[in-house]
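Each chain, letter by letter, is given below.
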Amino acid sequence: MTNQKWDGISKSTKAVWAGEEETFFEGAAQVPIINSVSYNHDDVDEWLEVALGKREGHIYSRNTNPTVKVFEEKMRVLEDAEAATSFSTGMAAISNILFTLLSPGQRVVSVKDTYGGTSIVFMEHLPRFDINVTMCETHDQDAIEAETLNGCDLLYLETPTNPTMKVLDLKRLIAAGKKAGAIIVVDNTFATPINQNPLALGADLVVHSATKFIGGHSDALGGIVCGREDLVNKIYGFREINGATLDANSAYLLLRGLKTLKLRIECQNSNAMALAQFLETHEKVDKVFYPGLKSDPAHDIAKAQMSGFGGMLSFSLKGGFDAVRHFLPQIRFAHRAAHLGGVETIVGPPRTTSHVELTEIQRQELGIPESLIRCSVGIEGIEDIIADFDQALADI
Ligand SMILES: *Cc1c(COP(=O)(O)O)cnc(C)c1O
């Protein structure tokens with residue numbers, strides 16, 4: 001599908017209108033939640049054409065659904081992609097990409113700091129199908145580039161990474177992937193299409209956990225893959241059969257969240273920057289990890305490839321895990337949870353959440369201090385967030 005009719009239209013307008021320009025069933029101005037499992041076809045010839053994909057329409061909601069289709073179209077336009085297909089969760093999207101596009105004997109190059117679930121697919125599941133996965137040191141762009149040029153069928157990137165906000169040089173690594181003839185996939189969950197567009201830099205596919213910033217309200221799970229039409233169609237073909245389908249009710253919530261995506265992300269970008277700058281000068285904070293800070297080793301690369309630095313940051317406290325134990329309960333306006341991307345500020349220590357299964361040594365190897373706190377900065381008033389963190393830090 002071409003995006004010509006969206007040329008020159010701003011992301012704010014796309015977030016509000018893409019997929020929703022026509023009126024719906026009975027003239028509804030808002031997208032109806034279609035819970036019907038199947039669709040009637042009174043004309044057998046038309047039915048056949050829909051079944052063969054020669055005519056627009058729906059057959060069975062495991063495959064396609066009108067509410068879900070609007071969500072896919074909005075994301076397709078926001079990522080300026082040829083095609084998009086959706087999933088029940090972000091992990092379903094990632095698993096479907098990998099299990100559709102890879103075959104025994106092939107090789108994946110990626111990094112050690114991918115999302116925890118993705119790492120498990122790399123370490124435990126792909127090898128069972130004789131697919132070799134090389135996970136490079138995330139900060140070592142030379143090594144990632146060299147391994148890619150060494151022979152790579154699928155280059156899997158994620159940036160910024162969880163939880164220490166490392167940044168991969170997309171332009172450089174995508175060039176290496178292209179040279180190697182690899183399919184290039186980027187997990188764009190932390191950045192969102194507002195801050196970063198890997199397809200514009202040459203990636204073949206972009207994947208999101210829509211559960212996070214896309215939905216933005218922490219009340220719906222979902223995943224989406226956008227990119228090259230031939231690849232997306234193949235992935236859809238596998239998802240249609242394995243059944244990791246996005247539900248219409250969730251698609252509606254994600255669509256509703258998406259309308260304010262630009263507003264939310266701009267606010268979270270500026271709140272996270274202000275909080276990172278405040279934390280950086282605080283005597284009880286050991287280190288702040290945020291690519292927006294000029295002191296951050298990844299600042300220059302981030303500045304070149306992102307139009308905003310995002311709502312995610314992390315920081316370590318002086319005083320080890322005991323300090324974390326005292327700090328977290330004092331925070332008034334934040335959820336203490338293993339989640340991110342919502343309108344509320346969310347804090348959690350990787351030591352007890354995303355990286356709980358690792359030993360202290362393994363966390364050290366990934367550069368994760370024991371006293372690290374990951375923070376998904378919300379849309380609250382920044383003066384309240386800073387005052388809240390300040391009073392909680394005073395008491396540790
Ligand atoms: C949460 C997350 C995922 C997985 O998404 P789910 O919707 O929880 O399955 C994948 N990648 C990143 C970067 C995430 O933060």
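Computed from a predicted structure; not experimentally measured.

## A few points about the site of the ligand
Part 1 of the argument: Taken together, 14 residues form the shell around the ligand, and within it Met 91, Asp 187, Ser 209, Thr 211 and Lys 212 come nearest.
Part 2 of the argument: Within the side chain of Asp 187, an N or O atom sits 2.7 Å from a nitrogen atom of the ligand.
Part 3 of the argument: At 3 residues, the largest contribution of residues to the shell around the ligand is made by helix 4 (residues 90-101).
Part 4 of the argument: Of the residues contributing to the shell around the ligand, the split by class is 5 nonpolar, 6 polar and 3 charged.

## Re the nonpolar core
Part 1 of the argument: Phe 71, Met 75, Ile 144, Leu 155, Leu 157, Cys 226 and Leu 258 are the most contacted members of the largest nonpolar core, which totals 49 residues.
Part 2 of the argument: Mapped by element, the contributors of at least two residues to this core are helix 3 (66-78), strand 2 (107-111), strand 4 (154-158), helix 7 (170-180), strand 5 (183-187), strand 7 (223-227), helix 10 (248-258) and helix 11 (261-280).
Part 3 of the argument: When residues in this core are grouped by element, the largest group, 5 residues, is from helix 3.
Part 4 of the argument: Counting the residues that make up this core, at least three belong to each of domain 1 (4-258) and domain 2 (261-393).
Part 5 of the argument: Excluding anything up to four places from it in sequence, Met 75 contacts Pro 193, His 208, Ile 214, Ile 224, Cys 226 and Leu 258.
Part 6 of the argument: Within the second largest apolar cluster, 33 residues are counted, among which are Ala 272, Leu 293, Phe 315 and Ile 373.

## What about the domain arrangement of the chain?
Part 1 of the argument: One can read the domain layout of the chain as domain 1 (4-258) and domain 2 (261-393).
Part 2 of the argument: Computed from C-alpha coordinates alone, the two centres of domain 1 and domain 2 are separated by 27 Å.
Part 3 of the argument: In this complex, domain 1 contributes 35 residues to the contact, which on the side of domain 2 involves 36 residues.
Part 4 of the argument: In total, domain 1 and domain 2 occlude about 2,800 Å² of area from one another, counting both sides; carbon and sulfur atoms represent 63% of this.
Part 5 of the argument: Across the contact surface, domain 1 and domain 2 share 15 residue pairs in polar contact (both at pLDDT 80 or more).
Part 6 of the argument: Those elements that provide at least two residues to the side of domain 1 that touches domain 2 are helix 1 (11-17), helix 7, helix 8 (192-195) and helix 10.
Part 7 of the argument: The biggest single contributor to the side of domain 1 that touches domain 2 is helix 8, with 4 residues.

## Section: unusual backbone geometry
Part 1 of the argument: The linkage connecting Thr 159 with the following residue, Pro 160, adopts the cis geometry, with an omega of -10°.
Part 2 of the argument: Examined against the element boundaries, Pro 160 turns out to sit in the loop between strand 4 and helix 7.
Part 3 of the argument: Residue Asn 162 is joined to Pro 163 through a cis peptide bond whose omega torsion reads -5°.
Part 4 of the argument: Along the polypeptide, Pro 163 turns up in the loop between strand 4 and helix 7.
Part 5 of the argument: Positioned with a positive phi, Asp 130 is a non-glycine residue whose angle comes to about 60°.
Part 6 of the argument: Of the residues examined, Asp 130 reaches a relative accessible area of 54% and is grouped as exposed.
Part 7 of the argument: With phi around 70°, Thr 192 is a residue other than glycine that occupies positive phi space.

## A short note on helix 13 (residues 320-330)
Part 1 of the argument: When we look at burial in helix 13, the residues that qualify are Phe 321, Ala 323, Val 324, Phe 327 and Leu 328. Buried residues of helix 13, viewed axially, fall in a sector of 140°; they line one side.
Part 2 of the argument: The inward-facing, buried residues of helix 13 contact strand 9 (312-317), strand 10 (335-336), strand 11 (346-348), strand 12 (372-376) and helix 15 (382-394).

## With respect to the pattern of salt bridges
Part 1 of the argument: Tallied over the full model, the rule gives 19 salt bridges.
Part 2 of the argument: Between Arg 172 and Asp 142 there is a salt bridge whose closest N-O contact spans 2.6 Å. Remark: Asp 142 occurs in helix 6 (residues 141-149) and Arg 172 occurs in helix 7; sequence separation between them is 30 residues.
Part 3 of the argument: Relative accessible area serves as the criterion here: at 26%, Arg 172 is assigned to the partly exposed category.
Part 4 of the argument: For Lys 262, the salt bridge identified is with Glu 266, shortest N-O distance 2.8 Å. Of this pair, Lys 262 and Glu 266 both sit in helix 11, 4 residues apart, which is roughly one turn of that helix.
Part 5 of the argument: By relative accessible area, which is 22% here, Lys 262 ends up partly exposed.
Part 6 of the argument: By relative accessible area, Glu 266 is classed as partly exposed at 40%.
Part 7 of the argument: Salt bridges linked by common partners bring Glu 20, Lys 74 and Lys 259 together as one network.

Reading guide: rules and limits
Residues numbered from 1 in each chain as written. Predicted model: local features only at pLDDT ≥ 70, side-chain atom pairs only at ≥ 80, totals over all residues. Heavy atoms only, no water. Near = heavy atom within 4 Å. Polar contact = N/O pair within 3.5 Å; in protein donor to acceptor, adjacent residues only side chain to side chain. Helix = DSSP H or I, 4+ residues; strand = E, 2+ residues; numbered from the N terminus. Nonpolar A, V, L, I, M, F, W, Y, C, P; charged D, E, K, R; others polar. Core = buried A, V, L, I, M, F, W, Y, C linked by side-chain atoms within 4.5 Å. Buried < 20%, exposed > 50% of the residue type's maximum accessible area, 1.4 Å probe, protein only. Domains from an automatic or database assignment. Contact = heavy atoms within 4.5 Å. Buried area = accessible area lost by both parts, 1.4 Å probe. Arc of directions from axis to C-beta. Salt bridge = Lys/Arg side-chain N within 4 Å of Asp/Glu carboxyl O.

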